[in-house]
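# Chains, contacts and geometry: an overview
The chain contents come next:
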Amino acid sequence: MSAAPFLFLIVSLALALAFVRRRLSAAGFLAADHQAGAVLAGLAGTAMGLSAFVFVGGPALFAQLGVGAFWLILSAPLTGVLQCWVLGGFILAQEPRPVTVPELLAHRLGPPVRVTAAVLLTLGCLAALAVQARAVTVLAEGFGVGSGKLWAFAVFLATAAYMAAGGMRVGVWVDAVQGSIMGVVAVALAAAALLDAREALRGLFTTGSSWLSSFGTVSPSQALAWYLLFCVGTLAQPHYLQKFFLLRSREELRRLPWVLTLSLMAVLTVWVGLGLAALALVQQGQLPAAGDAVVPLLLQRLGPTAVLAAAVGCLAAIMSTVASFCNVLSASLAYDLPQALGRSRWSLGWSRFITVAGGLVGTLLGVESGRTVAFLGILGWGFFTASLLPGVLAARFSIGSPRWVLAGMTLGAGTCAGLELFRAQLPAGVEPGLLGAALGLFCVVLGGQGKR
Amino acid sequence: MATRLLLGVVAGGIALAGLSLHPLVALAGILAALLSLLASCARVEAEEPSPSRGSVWACGLTLAAVLLGALFLRGRSPVGFLWLLGPGFVLAVPLFLAFFARSFRKP
């Protein structure tokens, strides 16, 4: 297994070498020339949107909170449709076609909003990359496959190599393959775990344990807040919106919700399957209540094939998410910021450099400082929701003046980050991401209409 | 103005769910936010392709039924979990997909 990181690196470098001499336009590097069909964009979109948390953290949370953890993914049947209906048609109707979220906002709201969005995205992407790198180290050590740091750098270098060489022209294909692998692995692992724990599950279902009530051990208010955060939050995650920039036409958009929803449901079976099995085995005393470590223990119980399959699934999930964030980071710093500040010429070399350098900074932050990661970790889903949702909805529905939108995005980001610093002191159920988004949106709605 | 009002309701709904003072208040917030968001789309896209208002209501009623059902079944195990897994997760998929198919007709 210790040679596996180098094998990954070699395959990815070969992929990178195949593309490094090609001349790519900004649309090619950042949005695969808008040529992806529904299946390709849908599978890639699912892979980009789901991290390794789905394979390990989510099931472990289910084992700790019971059905309460289910509320994080309960909105999944709706989110694919919601994204396509609220934003998909709007993004595809823009002329010229934008390739990034800040550019989309700039179409109606102008350069200052584009600069703000690019800066917020840069912060959020660095934080997300750091969290992914940290996840690799934790997972590698949990699965006992060697040095966590070595794995983190190998995964980053492998991903950065092909993303820097070919951008989303390569990324969309690799992500789609990884999305397919994640779906197959997730269904297989869920089925294996449920079969293995069937006796324990029978006991869990017949005893009427409170873990299987509709909110498990989570307060209903908290569960409902999670539901909305992970439902409307999908409208403001840059790596979720990226698939619409890849998409070829409105005809493909009509098919996209089917691919998105079905692939998402397939991958999320692992959350319920592994989680339910782990919960039942812990309740029956056949597994220790070991927090996040309960999932690796369950996988070891299922055998080496399950461990290998889970490692492959996690790797696919992490690499696709890292690829997406590297690309968004490169777009923010090498495309949006220069253009908003008056430099119209896009540089492929600079974009490639940012892909590698930005990704490297994120990875270094992740592996070198747990404290920094804990702080940066707050700039995750909730931060993107709080900062980008007001801007995205303002652009979508043509409301708010640029000045008020800018204020709303900044207020949302500040509120979320500020409240997250004091999360331990907040009453249960208060959700900083939602409050930030609400304040930002209020700012946009109540502010003047104005002109660009 | 009406779209601005609907988005104001979206913001209010998000705030109610984000503060989570009481489960019923949070539930009302979720429904207000999501229904207003869908209604905003229906309003903006009134010209083409026209989404069905009936679909918006069907979507809202499904959400309300699933969430209210969860609150009603909160002390019951494993019925609460099966309710979420069945109507909430698996059975909701075809409804929402059909909703999109109807709402996003070929122009």
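The model shown is predicted, which means the values in this text are computed figures rather than measured ones. (Residues numbered from 1 in each chain as written. Chains lettered and ligands numbered in written order. Predicted model: local features only at pLDDT ≥ 70, side-chain atom pairs only at ≥ 80, totals over all residues. Heavy atoms only, no water.)

### Concerning the overall build of chain B
Each helix and strand in chain B was counted, giving five helices and zero strands. What you see in chain B, going N to C, is helices and strands ordered as α-α-α-α-α. Within chain B, the fraction of its 107 residues that count as buried is 55%. Sequence separation of 24 or more characterises 57% of the internal contacts of chain B that already satisfy a separation of 6 or more. Of the accessible surface of chain B, which amounts to about 4,600 Å², a share of 72% is contributed by carbon and sulfur atoms. (Helix = DSSP H or I, 4+ residues; strand = E, 2+ residues; numbered from the N terminus. Buried < 20%, exposed > 50% of the residue type's maximum accessible area, 1.4 Å probe, protein only. Contact = heavy atoms within 4.5 Å. Areas by Shrake-Rupley, 256 points an atom, 1.4 Å probe, with all protein chains shown as cover.)

### Some remarks on the pattern of salt bridges
All names here are of chain A. Under the definition given, this model contains nine salt bridges over all chains. Measuring nitrogen to oxygen at the nearest pair gives 3.2 Å for the salt bridge that ties R169 to D33. Residue R169 is found in helix α8 (residues 148–196), and its partner D33 is found in the loop between α2 (26–31) and α3 (38–49); the two are separated by 136 residues along the sequence. Taking relative accessible area as the criterion, R169 reaches 28% and is therefore assigned partly exposed. Classification of D33 as partly exposed rests on a relative accessible area of 27%. We note a salt bridge from R254 to E251, for which the minimum N-O separation is 3.2 Å. In this pair, R254 and E251 are both assigned in helix α12 (residues 250–283), three residues apart and thus about one turn of the helix distant. According to the relative accessible area criterion, E251 is partly exposed, its value standing at 28%. Each of R248, E251, E252, R254 and R255 takes part in salt bridges that share partners, so that together they form one network. (Salt bridge = Lys/Arg side-chain N within 4 Å of Asp/Glu carboxyl O.)

### Describing the interface of chain A and chain B
With 62 residues of chain A at the contact, the number on the chain B side is 61 residues. Surface buried jointly by chain A and chain B totals about 5,200 Å² across both partners, of which 80% is contributed by carbon and sulfur atoms. At the junction of chain A and chain B, the tally comes to nine residue pairs in polar contact (both at pLDDT 80 or more). Within the residue set of the side of chain A that touches chain B, elements represented by two or more residues are α5 (76–93), α10 (220–232), α12, α17 (381–397) and α19 (432–446) of chain A. Per element, the largest residue contribution to the side of chain A that touches chain B is 11 residues, and it comes from α12(A). (Buried area = accessible area lost by both parts, 1.4 Å probe. Polar contact = N/O pair within 3.5 Å; in protein donor to acceptor, adjacent residues only side chain to side chain.)

### Quick word on the side chain of B:S77
Here B:S77 is to be found in the loop between α3 (53–72) and α4 (79–90). Residue B:S77 is classed as buried on the basis of its relative accessible area, which comes to 17%. Within the structure, the side chain of B:S77 is placed 2.3 Å from the backbone oxygen of A:S209, a separation counted as a polar contact. In this structure, B:S77 is in contact with A:G208, A:S209, A:S210, A:L212 and A:S213, ignoring residues within four places of it in sequence.

### Remarks on the nonpolar core
With 200 residues, the main nonpolar core has A:F55, A:W71 and B:L34 as its most contacted residues. In this structure A:F55 touches A:M182, A:V185, A:A186, A:L189, A:V267, A:V270, A:L274, A:V295, A:G313, A:C314 and A:A317, once residues within four positions along its chain are discounted. (Core = buried A, V, L, I, M, F, W, Y, C linked by side-chain atoms within 4.5 Å.)

### Let's talk about α4(B)
The end-to-end C-alpha distance of α4(B) is 15 Å, a good match for the 16 Å that 12 residues give at a rise of 1.5 Å each. Among all positions of α4(B), only B:G80, B:F81, B:L84, B:G86, B:G88 and B:F89 are buried. (Expected span 1.5 Å × (residues − 1).)

### Quick word on the packing of aromatic side chains
Each aromatic ring pair is characterised by the separation of its centres together with the angle its planes make. Under the criterion given, the structure shown has 13 aromatic pairs over all chains. Ring geometry for A:F70 versus B:F81: centroids 6.1 Å apart, planes at 65°, classification edge-to-face. Of this pair, A:F70 sits in the loop between α4 (57–65) and α5 while B:F81 sits in helix α4, placing the two residues on different chains. Note on B:F81: relative accessible area 1%, which makes it buried. Ring centres 5.2 Å apart and planes at 90° place the aromatic pair A:Y240 and A:W381 in the edge-to-face group. (Phe/Tyr/Trp six-rings, centres within 6.5 Å; stacked < 30°, edge-to-face > 60°.)

### Things to note about unusual backbone geometry
With glycine set apart, most residues show a phi of negative sign, and most peptide bonds adopt trans. Residue A:E95 is joined to A:P96 through a cis peptide bond whose omega torsion reads -5°. Along the chain, A:P96 falls in the loop between α5 and α6 (101–109). Note the cis peptide between B:S77 and B:P78, where omega equals 0°. The residue B:P78 is located in the loop between α3 and α4 in this model.

### Description of a nonpolar patch on the surface
The grouping of A:V177, A:I181, A:L308 and A:V312 at the surface amounts to a nonpolar patch, some 310 Å² of accessible area in total. When residues of the nonpolar patch are traced back to their parent elements, those giving at least two are α8 and α14 (304–340) of chain A. (Patch = residues over 30% accessible without salt bridge, like charges linked within 9 Å, V, L, I, M, F, W, Y side chains within 5 Å.)

### Section: the side chain of A:H239
Residue and element names in this part refer to chain A. With respect to the element layout, H239 can be found in helix α11 (residues 238–246). On the accessibility criterion, H239 (5% relative accessible area) is buried. In this structure, H239 is in contact with M48, G49, S324 and F325, ignoring residues within four places of it in sequence.

### Things to note about the packing of helix α18 (residues 402–421) of chain A against α19(A)
Residue and element names in this part refer to chain A. The interhelical angle for the contact between α18 and α19, taken along N-to-C directions, is 160°, at an axis separation of 7 Å. Considered as vectors, α18 and α19 are oriented roughly antiparallel to each other. Between α18 and α19 the crossing geometry is right-handed. For the pair formed by α18 and α19, the contact residues are W404, V405, A407, G408, L411, G412, T415, C416, L419 and E420 on the first element and P432, G433, L435, G436, L439, G440, C443 and V444 on the second. Of the residues assigned to the contact of α18 with α19, the class counts are 11 nonpolar, six polar and one charged. (Axes fitted to C-alpha atoms, helices over the stretch in contact; angles between N-to-C directions. Parallel < 35°, antiparallel > 145°, perpendicular 65-115°, else oblique. Left-handed = near helix turned anticlockwise from the far one by under 90°. Nonpolar A, V, L, I, M, F, W, Y, C, P; charged D, E, K, R; others polar.)

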